[in-house]
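Residue strings, one per chain:
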Amino acid sequence: SDPYGTAVIDTLVEQIQARPGDDRAVVMLGYRKEMETMFKNVNPGLSRRFQLEQAYVFPDYDDASLLKILRAKARASQLSIPISVAKLAVRSLARARAKPNFGNGGAIDSILSQAKERMQKRDG
């Protein structure tokens, strides 16, 4: 049990209920399994207010999209990555996609960060 998370959720619920009729939009983002656990354990009333059956699901990027994102982010970081290396990186991301909590496009940031660290160590 996370006391800070519980306090945040309790405050959120209080604010939602405090002003009936107010127009409010609350967006909750997270991994489905963890969100279900939170709704059930932290505040059971959340599942009534935020119905996961109606949630919008952001699908993971496919390999072609990840390749485009990788190449664009590499260019933005002034990194030159041969297409063969980029494709190897995307294959690695495809394997990671099967694991829980895959970072989707954010996983590319991790790969590029690791590559930059290795370059700095090598260039030392």
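Residues numbered from 1 in each chain as written. Predicted model: local features only at pLDDT ≥ 70, side-chain atom pairs only at ≥ 80, totals over all residues. Heavy atoms only, no water.

Chemist: Please give an account of the packing of helix H4 (residues 63-76) against helix H6 (residues 105-123) that cites residues and values.
Modeler: Relative to each other, H4 and H6 sit at 45 degrees, their axes nearing to 10 Å. The orientation of H4 with respect to H6, classified from their angle, is oblique. Note on packing geometry: the crossing formed by H4 with H6 is right-handed. Residues Leu 66, Ile 69, Leu 70, Lys 73 and Ala 74 of H4 lie in contact with H6, whose contacting residues are Gly 105, Ile 108, Asp 109 and Leu 112. (Axes fitted to C-alpha atoms, helices over the stretch in contact; angles between N-to-C directions. Helix = DSSP H or I, 4+ residues; strand = E, 2+ residues; numbered from the N terminus. Parallel < 35°, antiparallel > 145°, perpendicular 65-115°, else oblique. Left-handed = near helix turned anticlockwise from the far one by under 90°. Contact = heavy atoms within 4.5 Å.)

Chemist: Outline the pattern of salt bridges, listing residues and values.
Modeler: Going through the model one piece at a time under the given rule, you end up with three salt bridges. The closest approach of N and O atoms between Glu 36 and Arg 32, which form a salt bridge, is 3.3 Å. Note that Glu 36 and Arg 32 are positioned in helix H2 (residues 32-41) at a spacing of four residues, about one turn of the helix. Here Glu 36 falls in the partly exposed class, since its relative accessible area comes to 38%. Given a relative accessible area of 40%, Arg 32 falls into the partly exposed group. With its nearest N and O atoms 2.7 Å apart, the salt bridge here joins Asp 63 to Arg 97. With Asp 63 in helix H4 and Arg 97 in helix H5 (residues 83-97), this residue pair connects regions lying 34 residues apart in the sequence. For Asp 63, a relative accessible area of 34% gives the class partly exposed. A relative accessible area of 24% means that Arg 97 is categorised as partly exposed. (Salt bridge = Lys/Arg side-chain N within 4 Å of Asp/Glu carboxyl O. Buried < 20%, exposed > 50% of the residue type's maximum accessible area, 1.4 Å probe, protein only.)

Chemist: Quick one: what's the story with the confidence of the model for the chain, residue by residue and with numbers?
Modeler: Per-residue confidence for the chain gives a mean pLDDT of 85; residues scoring 70 or more make up 99%. Summarising per-element confidence for the chain, the mean pLDDT is lowest in helix H3 (residues 46-49) (77) and highest in H4 (94). (pLDDT = per-residue confidence, 0-100.)

Chemist: Got a sec to walk through the layout of surface pockets? Specific residues and values, please.
Modeler: Volume-wise, the largest pocket comes out at about 840 Å³. Around the largest pocket, the lining is made up of 27 residues, and of these Gly 30, Tyr 31, Arg 32, Tyr 56 and Phe 58 lie nearest the centre. The class makeup of the residues in the lining of the largest pocket is 16 nonpolar, six polar and five charged. Taken as a whole, the second largest pocket holds about 340 Å³ of empty space. In terms of lining residues, the second largest pocket is bounded by 17 residues, among which Ile 81, Val 85, Ile 111, Leu 112 and Ala 115 are the most central. Contributing elements (two or more residues each) for the lining of the second largest pocket: H5 and H6. Looking at which element gives the most residues to the lining of the second largest pocket, the answer is H6, with seven residues. (1 Å grid on protein atoms, 1.4 Å probe; cavity = no way out; pocket = protein on both sides within 12 Å on 5 of 7 lines; lining within 4 Å. Points joined across faces, edges and corners; volume = space filled by probe spheres on them. Nonpolar A, V, L, I, M, F, W, Y, C, P; charged D, E, K, R; others polar.)

Chemist: Residue-level account of a nonpolar patch on the surface, with values.
Modeler: Taken together, the side chains of Val 27, Leu 29, Tyr 56 and Phe 58 define a hydrophobic patch exposed on the protein surface, amounting to about 560 Å² of accessible area. Position of Tyr 56 relative to the elements: it lies in the loop between H3 and H4. (Patch = residues over 30% accessible without salt bridge, like charges linked within 9 Å, V, L, I, M, F, W, Y side chains within 5 Å. Areas by Shrake-Rupley, 256 points an atom, 1.4 Å probe, with all protein chains shown as cover.)

Chemist: A description of the side chain of Asn 104 should follow, citing residues and the corresponding values.
Modeler: You can see Asn 104 is positioned in the loop between H5 and H6. Within the structure, the side chain of Asn 104 is placed 2.7 Å from the backbone nitrogen of Tyr 61, a separation counted as a polar contact. The residues touching Asn 104, leaving out its near neighbours within four places in the chain, are Pro 59, Asp 60, Tyr 61 and Leu 66. (Polar contact = N/O pair within 3.5 Å; in protein donor to acceptor, adjacent residues only side chain to side chain.)

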